[in-house]
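Observations on the model geometry
The chain contents come next:
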Amino acid sequence: MTVDRLILGRPVRGVAFDAAASGLVVLLAVLTLLGEQGGLPAFAVGVAMAVALFFRRTHPTAVAAVVAALALTQVIVGWGPLGYDLGVLIALYSVVKYADRLRDGIVAGVGAAIGVLIAALQLPAAAHWWAGALYYGLVTGAVWLVGLNVRTRRLYVLSLEERAATAEREREAESRAAVAEERTRIARELHDVVAHSMAVMIVQADGVRFTLDRDPATAREAAKVVADTGRQALEEMRRLVGVLREPSRPEPAAMADEPAHRRPALVELPALLDRFRAAGLRIDCGGAGTPVALPPGLELTVYRVVQESLTNALKHAGVGASVELTLDWATDAVAVRAVDDGRGRPVVRPAPSGGHGLVGMRERVGVYDGSLAAGPTLAGGWRVEARLPLPAAAGTEEGSAAA
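1. Comments concerning the overall build of the protein
- When you go through the protein residue by residue, the secondary structure sums to 10 helices and seven strands.
- Evaluated residue by residue, the protein yields a buried proportion of 38% over its 403 residues.
- On the protein, roughly 21900 Å² of surface is accessible, and the fraction owed to carbon and sulfur atoms is 64%.

2. Observations regarding the pattern of salt bridges
- Summed over all chains, the structure comprises five salt bridges.
- Residues aspartate 274 and arginine 277 are paired through a salt bridge, measuring 3.4 Å at the closest nitrogen-oxygen approach. Linking aspartate 274 with arginine 277, this pair stays in helix H8 (residues 269-279), spanning three residues, or about one helical turn.
- The class of arginine 277 is partly exposed, set by a relative accessible area of 36%.
- A salt bridge links glutamate 385 to arginine 337; the nearest nitrogen and oxygen atoms lie 2.7 Å apart. Here glutamate 385 is found in strand S7 (residues 382-389), whereas its partner arginine 337 is found in strand S5 (residues 333-340), with 48 residues between them in sequence.
- Relative accessible area serves as the criterion here: at 33%, arginine 337 is assigned to the partly exposed category.
- One network of salt bridges, with partners in common, ties together Arg337, Arg383 and Glu385.

3. As for the layout of surface pockets
- In this structure, the largest pocket spans a volume of roughly 820 Å³.
- Forming the boundary of the largest pocket are 35 residues, of which Ala71, Val88, Ala112, Gly115 and Val116 lie nearest the centre.
- The set of elements that each furnish at least two residues to the lining of the largest pocket consists of helix H3 (60-77), helix H4 (86-98), helix H5 (102-121) and helix H6 (129-211).
- Of all the elements, H5 adds the most residues to the lining of the largest pocket, at 10 residues.
- By residue class, the composition of the lining of the largest pocket is 25 nonpolar, eight polar and two charged.

4. Thoughts on H8
- Taken as a whole, H8 has its buried residues at Leu269, Leu272, Leu273 and Phe276. In an axial view of H8, the angular spread of the buried residues amounts to 95°, which keeps them on one side of the axis.
- Contacts from the buried residues of H8 go to strand S3 (282-288), helix H9 (296-317) and strand S4 (322-329).
- Just past H8, the residue glycine 280 takes up positive phi, approximately 125°.

5. Description of the confidence of the model for the protein
- When pLDDT is averaged along the protein, the result is 75; 71% of the residues meet or exceed 70.
- Counting interchain partners and residues more than four positions distant, the pLDDT-below-50 stretch residues 348-355 has 20 contacts.
- Here residues 393-403 is a poorly scored stretch, pLDDT under 50, and it has 25 contacts once near neighbours within four places are set aside; other chains count.

6. Topic: the nonpolar core
- Judged by nonpolar contacts, the single largest core of 36 residues is most densely connected at Leu281, Leu294, Val302, Val306, Leu310, Leu325 and Leu327.
- Secondary-structure elements contributing two or more residues to this core are H8, H9, S4, S5, helix H10 (357-367) and S7.
- Looking at which element gives the most residues to this core, the answer is H9, with nine residues.

7. Digging into the sheet that holds S5
- Taken together, the five strands give an open sheet; going across it, the order is S3-S4-S5-S7-S6, and neighbouring strands pair in mixed fashion. In the strand order of this sheet, the two ends are held by S3 and strand S6 (371-376), each with one partner. Taking each pair of neighbouring strands and ignoring which way they run, the sheet shows an average axis angle of 10°.
- Across eight bridges, S5 lies against S7 in antiparallel orientation. Bridging from a neighbouring strand, valine 334 pairs with leucine 388 of S7.
- Packing of H10 onto the sheet brings it into contact with S6 and S7, and relative to S6 it is tilted by some 155°.

8. What to know about H4
- Here H4 spans 18 Å end to end across 13 residues, near enough to the 18 Å set by a 1.5 Å rise per residue.
- Burial within H4 is extensive, with 10 of its 13 residues counted as buried.
- All buried positions along H4 are accounted for by Gly87, Leu89, Ile90, Ala91, Leu92, Ser94, Val95, Val96, Lys97 and Tyr98.

9. Quick notes on the packing of H9 against H10
- The geometry of H9 relative to H10 is characterised by a closest axis approach of 10 Å and an angle of 165° between their N-to-C directions. Comparing the axis directions of H9 and H10 gives the class roughly antiparallel. Crossing geometry of H9 relative to H10 is assigned as left-handed. When H9 is examined against H10, the residues Leu300, Thr301, Arg304, Val305, Glu308, Ser309 and Asn312 are found in contact with a partner set consisting of Gly357, Leu358, Met361, Arg364 and Val365.
- Residues of the contact of H9 with H10, tallied by class, amount to five nonpolar, four polar and three charged.

10. Here we look at a nonpolar patch on the surface
- Where nonpolar side chains cluster on the molecular surface, the patch consists of Leu24, Leu27, Val30, Leu31 and Leu34 and spans about 450 Å² of accessible area.
- Of the residues examined, leucine 24 reaches a relative accessible area of 38% and is grouped as partly exposed.

11. Looking at the pairing of S4
- Inspection of the sheet shows S3 paired to S4 by seven bridges, in the parallel sense. What sits directly across from aspartate 284, in S4, is glutamate 324.
- Regarding topology, H9 serves as the crossover connection from S3 to the parallel S4, and that connection is left-handed.
- In this structure, S4 lies alongside S5, joined through seven bridges in antiparallel fashion. Looking at the pairing, leucine 325 lines up with alanine 338 of S5.
- Connecting S4 to the antiparallel partner S5 that follows it, the hairpin turn spans three residues.

So, how was this worked out
Residue numbering note: each chain is counted from 1, following its sequence as written. Local features in this predicted model are restricted to residues whose pLDDT is 70 or higher, and side-chain atom pairs enter the listing and the counts only when it is 80 or higher, whereas totals over whole chains, interfaces and linings include all residues. Just so you know, side-chain values use all the structure's heavy atoms and leave hydrogens and water out. Secondary structure counts use DSSP, requiring at least four H or I residues in a row for a helix and at least two E residues in a row for a strand, with both numbered from the N terminus. Residue burial is assigned from relative accessible area. The probe radius is 1.4 Å, only protein chains are included, and a residue is buried under 20% of its type maximum, exposed over 50%, and partly exposed in between. Areas reported as accessible are Shrake-Rupley estimates using a 1.4 Å probe. Residue values count occlusion only from the protein chains shown. Salt bridge, as used here, is a side-chain nitrogen of Lys or Arg placed within 4 Å of a carboxyl oxygen of Asp or Glu. The distinction between a cavity and a pocket rests on a 1 Å grid over the protein atoms alone: a 1.4 Å probe fits inside a cavity but cannot get out, while a pocket stays open yet meets protein on both sides within 12 Å along at least five of seven lines, and a residue with an atom within 4 Å of a point counts as lining. Grid points are joined across faces, edges and corners, and a volume is the space filled by probe spheres set on the points. In the scheme used here, Gly and all other residues not listed as nonpolar or charged are polar, with Ala, Val, Leu, Ile, Met, Phe, Trp, Tyr, Cys and Pro taken as nonpolar and Asp, Glu, Lys and Arg as charged. Note that the arc is computed from the directions linking the helix axis to the C-beta atoms. Whether two residues are in contact is decided by their heavy atoms: any pair within 4.5 Å suffices. Values of pLDDT, ranging from 0 to 100, describe the predictor's confidence in every residue of the model. By nonpolar core we mean a set of buried residues, namely Ala, Val, Leu, Ile, Met, Phe, Trp, Tyr and Cys, connected to one another through side-chain atoms within 4.5 Å. Here, a strand pair is defined by DSSP locating no fewer than two bridges between the strands. Each axis is a line fitted through C-alpha atoms, and for a helix only the stretch in contact is used; angles between axes span 0 to 180 degrees, taken between their N-to-C directions. Given a helix with a known number of residues, its expected span is that number minus one, times 1.5 Å. In what follows, roughly perpendicular refers to angles from 65 to 115 degrees, roughly parallel to angles under 35, roughly antiparallel to angles over 145, and oblique to any angle outside these ranges. Left-handed describes a crossing in which the near helix is turned anticlockwise from the far one by less than a right angle; the clockwise case is right-handed. What goes into a patch is any residue over 30% in relative accessible area without a salt bridge, connected to like charges within 9 Å or, for nonpolar side chains (Val, Leu, Ile, Met, Phe, Trp, Tyr), within 5 Å. When the strands point away from the viewer and the connection leading from the first strand across the helix to the second strand turns clockwise, the crossover is called right-handed.

Given below as structure tokens:
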């Protein structure tokens, strides 16, 4: 049992309020006993009301019925209105607020109205019974309306909480589906990379067999290509298995003009930027360092990060937005940075997606042990920064993969 629960799973705060209400009724019953109004039997009725009121939240309808029966007993005996009859109002409020059906509260209200009339007729000045009936009726009606108002607000809050919980569950389900779809796409593309590497290895191995005796130097170079390609394919296979095994990590995206089976390369970045410029973005592309040759899978990841970043800028910043795109090459990593100013016009027809925005980028960057940071800028735009570690061999070889 946790600290914030006391009796039958009820919160301590609620139990404290119920105990306070019951204690107040007991106190009024004691005052009734001291005033010699009804004596011990009347005191016993008041205590019984107090005990019933302790359960007014968990069993409001039953409590209202018990309190009504005790009040009817009081009327039959002819004791007239007593101080502990405050318990009747508390029970009426409770049944209106907490009962599962509002019908129970309406029935309780009708019973209370009849009780008010009978109590008014038992007043000492019976000739002016209507004044007592008016007074008790106004008080009882006010209590009933307050209970109804609180009930309405309570049900409204509960409906908002349920709606929020449902929306959260739907968002989580959509995120899981997006991650699963993106993982499938990444795995398919890595499979193509591995298959391409295997084909290269087979061709080079056949070349070694035919040139081993006639041209040993060429054969040695071909064997080196086979070994390097095999190691690279093995690394890509490890990443492929990691994508399929790794549990999901809990957003609209790119102009995917190329078919799903096609694997774009960094040499195609100028054409990609031209397509986004034609769509309305103003792109300023730059960078630092010397581009190097990348493994096919890592090269594809860099391309996709650029593609997704520009698509996000087009969709959210809008047509006419300015984007600063930089590719910084270091000896140990390549960094992609895209920052838009957020000052474009809304896109009438968003560009089709080649992935799942930030979800897809996180998945792809995570495959190569990279890092991704994204968020708003102080100027009102959006920033995406990805850093991807380079393989040891890539940092030493210059390539032609320039943006």
